[in-house]
Amino acid sequence: MNKPYRIVMLGKQGAGKGTQCSKLAATLGIAHISTGDMLRSAAREGTEFGKLAQGYMERGDLVPDEVILGAVRDRLYRSDCREDGFVLDGFPRTLAQAEALEEILTPEGVKLVINLDVSTEVVLRRLSSRRVCTGCGRTYSIDFPPAVDWTCDDCGGTVVQRADDTPEAISRRLAIYEELTAPLIAWYEAKGRFVTVSGEGDFDAISDEILATVTRF
Ligand code: AP5
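Residues numbered from 1 in each chain as written. Predicted model: local features only at pLDDT ≥ 70, side-chain atom pairs only at ≥ 80, totals over all residues. Heavy atoms only, no water.

> Teacher, can you tell me more about the packing of helix α1 (residues 17–28) against helix α10 (residues 203–216) here?
When two helices pack together, their arrangement is given by the angle between the helix axes and by the axis-to-axis distance. Running from amino to carboxyl end, α1 crosses α10 at an angle of 55°, the nearest separation of the two axes being 10 Å. Classified by the angle their axes make, α1 and α10 are oblique. The chirality of how α1 crosses α10 is right-handed. Two secondary-structure elements touch here, α1 through Thr19, Gln20, Lys23, Leu24, Thr27 and Leu28 and α10 through Phe203, Asp204, Ile206, Ser207, Ile210, Leu211 and Val214. When grouped by side-chain class, the residues that make up the contact of α1 with α10 number seven nonpolar, four polar and two charged. (Axes fitted to C-alpha atoms, helices over the stretch in contact; angles between N-to-C directions. Helix = DSSP H or I, 4+ residues; strand = E, 2+ residues; numbered from the N terminus. Parallel < 35°, antiparallel > 145°, perpendicular 65-115°, else oblique. Left-handed = near helix turned anticlockwise from the far one by under 90°. Contact = heavy atoms within 4.5 Å. Nonpolar A, V, L, I, M, F, W, Y, C, P; charged D, E, K, R; others polar.)

The structure is reproduced here in structure tokens:
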């Protein structure tokens, strides 16, 4: 695949989308667009968009399509996305969002959809042990903590558990994934340019496989 890359990363909560998209985007020199990060940073800044989203996120519900779509459309129309491309992380999550994405990207469309596949048992373990930096959003876990006392290695921010990584919110998020997001797998598969990559095992081996997949297309 050549620039502009237009990649969608699908996967259930805790599959490693954020971790892998961040590395892939840095390797390819493209934008990493995480709708979860966009919403969390708007909530931290106290913008109207962030205030609207916060309650939904903390409960583990999806933010309404009309709230998220405008923000994604504005971001994808920026010159870095049009010239170099992007990897979308956490979007689309519903059929309505996938159809809106097709329309935003007309006539070119998405070039590749990667489905990062991880069992529910593994994601439950990962989500309950995940910790994130309140400053820059970098992800850690109980097994891979920052070097010094839950202080971010990159920005010095405090590293904490995410508000939606409680057992109640996790189970709600996974139920919503099964109902609204999992059907996108068959939808994209039918369109072609769809690849499933296992998200279990060594982090670098998974990154290598994702990069090899992108290179093949
Ligand atoms: P979002 O932030 O996107 O959360 P999510 O979909 O629940 O996904 P996660 O961030 O939980 O998982 P991930 O796959 O990115 O895993 P990660 O790399 O962190 O969305 C949050 C909320 O925002 C939503 O619930 C919703 O309210 C709202 N929202 C967002 N987008 C929306 C949209 N389009 N429409 C409506 N609402 C929307 O990894 C997880 C952990 O595993 C980490 O600790 C990591 O270190 C570890 N890990 C990763 N890879 C490995 C590995 N190979 N081995 C061991 N550990 C690993």
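Next comes the rest of the description.
> Just checking my understanding: could you explain empty space enclosed by the protein for this structure?
Which parts of space are left empty comes out when a probe the size of a water molecule is rolled across the atoms. This structure, assessed with the given rule, holds one cavity of 30 Å³ or more. Estimates place the volume of the largest cavity at around 70 Å³. What lines the largest cavity is Met9, Leu10, Gly11, Gln13, Lys17, Gly90, Phe91, Pro92, Arg93, Tyr177 and Thr181. Looking at the lining of the largest cavity residue by residue, the classes come out as five nonpolar, four polar and two charged. (1 Å grid on protein atoms, 1.4 Å probe; cavity = no way out; pocket = protein on both sides within 12 Å on 5 of 7 lines; lining within 4 Å. Points joined across faces, edges and corners; volume = space filled by probe spheres on them.)

> Help me out: how do you make sense of the layout of surface pockets in this one?
As a volume, the second largest pocket reaches approximately 160 Å³. Around the second largest pocket, the lining residues are Pro4, Arg6, Leu76, Tyr77, Cys81, Arg82, Phe86, Ile104, Leu105, Thr106 and Glu108. When grouped by side-chain class, the residues that make up the lining of the second largest pocket number seven nonpolar, one polar and three charged.

> Explanation requested: the packing of aromatic side chains in the structure shown.
Any two aromatic rings considered together are summarised by their centre-to-centre distance and by the angle between their planes. Applying the stated rule across the entire model yields one aromatic pair. Note that Arg59 overlies the ring of Tyr56, its terminal NZ or CZ placed 5.3 Å from the centroid. In this arrangement the basic side chain of Lys191 is found over the ring face of Trp187, its NZ or CZ atom lying 4.5 Å from the centre. (Phe/Tyr/Trp six-rings, centres within 6.5 Å; stacked < 30°, edge-to-face > 60°. Lys NZ or Arg CZ within 6 Å of the ring centre and 35° of its normal.)

> Could you clarify how one ought to interpret the site of the ligand in this entry?
The ligand sits among 33 residues. The nearest are Thr19, Asp61, Arg93, Arg130 and Arg173. In this structure, Arg93 approaches the ligand through a side-chain N or O atom, which is 2.5 Å from an oxygen atom. The contact in question runs from an oxygen atom of the ligand to an N or O atom on the side chain of Arg130, over 2.6 Å. Alone, the ligand offers 1,000 Å² of accessible surface; in the complex the protein occludes 92% of this. Elements represented by at least two residues in the shell around the ligand include exactly α1, α2 (35–45), α7 (120–129), β6 (139–141) and α10. (Near = heavy atom within 4 Å. Polar contact = N/O pair within 3.5 Å; in protein donor to acceptor, adjacent residues only side chain to side chain. Areas by Shrake-Rupley, 256 points an atom, 1.4 Å probe, with all protein chains shown as cover.)

> Which parts of the structure should I look at to understand the pattern of salt bridges?
Close approach of charged atoms allows side chains of opposite charge to pair. By the definition in use, this model includes 13 salt bridges. Between Asp84 and Lys3 there is a salt bridge, and its shortest N-O distance comes to 3.7 Å. Of this pair, Asp84 sits in the loop between α5 (79–83) and β3 (85–89) while Lys3 sits in the segment before β1 (5–10), placing them 81 residues apart in sequence. By relative accessible area, which is 26% here, Asp84 ends up partly exposed. A residue is classified by how much of its surface remains accessible, and Lys3, at 44% relative accessible area, is partly exposed. Residue Asp154 pairs with Arg138 through a salt bridge whose shortest N-O separation is 3.1 Å. Here the residue Asp154 occupies a position in the loop between β6 and β7 (159–160), and Arg138 occupies one in the loop between β5 (130–133) and β6, the gap between them amounting to 16 residues. Residues joined in a network through salt bridges with shared partners are Arg130, Arg162, Asp164, Asp165 and Arg173. (Salt bridge = Lys/Arg side-chain N within 4 Å of Asp/Glu carboxyl O. Buried < 20%, exposed > 50% of the residue type's maximum accessible area, 1.4 Å probe, protein only.)

> What exactly am I supposed to notice about the sheet that holds β1 here?
Across a sheet, strands are paired by hydrogen bonds formed along the backbone, either parallel or antiparallel in direction. Here we have five strands laid out as an open sheet, ordered β2-β3-β1-β4-β8, and parallel in their pairing. Looking at the sheet topology across the chains shown, the edges are occupied by β2 (31–34) and β8 (194–198). Within this sheet the neighbouring strands show an average axis-to-axis angle of 20°, counted without direction. Where β1 and β3 come together, five bridges link them in parallel fashion. (Pairing = 2+ DSSP bridges.)

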